[in-house]
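Structure assessment
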Amino acid sequence: MKLGIVGLPNVGKSTLFNAITNSKNADAANYPFCTIDPNVGIVAVPDKRLDKLAEMYSPKKYTPAIIEFVDIAGLVKGASKGEGLGNKFLSHIRETDAIIHVVRCFDSTDIIHVEGSVDPARDIETIDLELIFSDMEFVERRLEKTKKMMKGDKTLIDEADFLQRLYDHLESGKNARNMPRTTDREEEIFREIPLLSSKPVIYAANVSEDDLLGGIESNTYIPVVEKIAAEEGAKCLPICAKIEEDVADLEGEDKAEFLAELGLDSSGLDKLIVAGYDLLGLISYLTAGPEEVRAWTITKGTKAPQAAGKIHSDFERGFIRAEIVAFDDLMACGTMTAAKEKGLVRSEGKEYVMKDGDVTLFRFNV
């Protein structure tokens, strides 16, 4: 999973990136455009199930699923036309799976807001429009190219028609994800174009420490973001970049104790990961043995052969069956041998739809 982080300057974007990636790569200063280069951070997905399997097998290798975060310069009005530094880096988030849009939801006289005031609805609209304008430029180039090719290939008429309708839709100020697609070919064309405004969105509502720890209900900005998210089918996640900074250097019991002292059940990073998996319809299946325990990320609805193909194409090509036990069943039995004796290890064929937490051994022959 690859997530792009966007937002206006000085909303806590780089602070959040540094905290969740436990990195000091992104400058976080009280002036616009301090993130000169796009920053990339790789984060292991915390999975207590994988930890339990590691205790059971003591493997030589422990490989969790990973998420890649890409942080770009703060966007301002006109970014798509080259204002600020935003346009230079929009290309870096075109290949991401989803966007984390950091929205400032706290007041502070110490931290400058580029617009002079805190207004989440205005800020969200500013970023949305810049993504849409950038997409319009992208679609326009594709349309011009298609029209040139159409002179020698009349089969491209439908593609040109769809691209024109897509351009008109964007020009009206609407996100690409709301663009109607009526045929399989239109859906195929749509998926071929890495449109920024087509990506699923998590609104990370950056609040103050006081709000997160005891007064989120009194924050008047959160309902505004929640309403926008609900209308778009997006997610809204209150988060405090400052607290994430404090948590970033802690691990294991120290981290759990610190969060408990604050009255929090999990970190903002953990919540972002859960929200990301849910938004993109992702699950993890697990493989385990003395050589390695590993989590594999797949889309909900993936069948066993395609899940096997995540490990290696030969596994999918020569798929015979999958030997599967539910994680909870394996833990209750204590060992794989005990699970087999109780008949809890199932042999599944090509039509089996994988479930989150399936502990799996693929049998194949090439």
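Our structure's up above, just so we're on the same page.
Residues numbered from 1 in each chain as written. Predicted model: local features only at pLDDT ≥ 70, side-chain atom pairs only at ≥ 80, totals over all residues. Heavy atoms only, no water.

Overview of the pairing of strand β1 (residues 2–6)
Note the threshold: Working definition: with a 1.4 Å probe on protein chains only, accessible area under 20% of the residue-type maximum means buried, over 50% means exposed, and in between means partly exposed. Think of it this way: any DSSP run of H or I at least four residues long counts as a helix, any run of E at least two long counts as a strand, and we number them from the N terminus. Two strands pair if DSSP finds at least two bridges between them.
Of all the 5 residues making up β1, 4 are buried; the element is thus mostly covered by neighbouring parts of the structure. By the bridge criterion, 4 bridges tie β1 to strand β4 (residues 66–71) in an arrangement that is parallel. If you follow Gly 4 over to β4, its bridge partner there is Val 70. Bridge count between β1 and strand β5 (residues 98–104): 4 bridges; the pairing is parallel. Note that in β5 the partner of Ile 5 across the bridge is Ile 100.

A closer look at the sheet that holds strand β2 (residues 39–44)
Worth spelling out the cut-off: Throughout, an axis means a line fitted to C-alpha atoms (over the contacting stretch in the case of helices), and angles, computed between N-to-C directions, take values from 0 to 180 degrees. The contact criterion used is simple: two residues touch if any of their non-hydrogen atoms lie within 4.5 Å.
Taken together, 6 strands build an open sheet; the order of strands is β2-β4-β1-β5-β6-β7 and the sheet is mixed. The open sheet has two free edges, formed respectively by β2 and β7 (235–239), since each of these has just one partner strand. Strand-to-strand, the axes of this sheet are offset by a mean angle of 25°, without reference to chain direction. Pairing geometry for β2 and β4, over 6 bridges, is antiparallel. Across the sheet, Gly 41 pairs through a bridge with Phe 69, a residue of β4. Here helix α1 (residues 13–20) sits on the sheet in contact with β1, β2, β4, β5, β6 (201–206) and β7, set at roughly 155° to β4.

Considerations on unusual backbone geometry
Although it is not a glycine, Asn 10 sits at a positive phi angle of roughly 65°. Structurally, Asn 10 is set in the loop between β1 and α1. Residue Asn 10 is classed as buried on the basis of its relative accessible area of 13%.

Concerning the state of the cysteines
Cut-off, in case you're wondering: In plain terms, two cysteine sulfur atoms within 2.5 Å form what is called a disulfide here.
This model, assessed by the stated rule, comprises 0 disulfides. Free of any disulfide, Cys 240 has its nearest neighbouring cysteine sulfur in Cys 105, separated by 12 Å. You can call Cys 240 buried: its relative accessible area is 1%.

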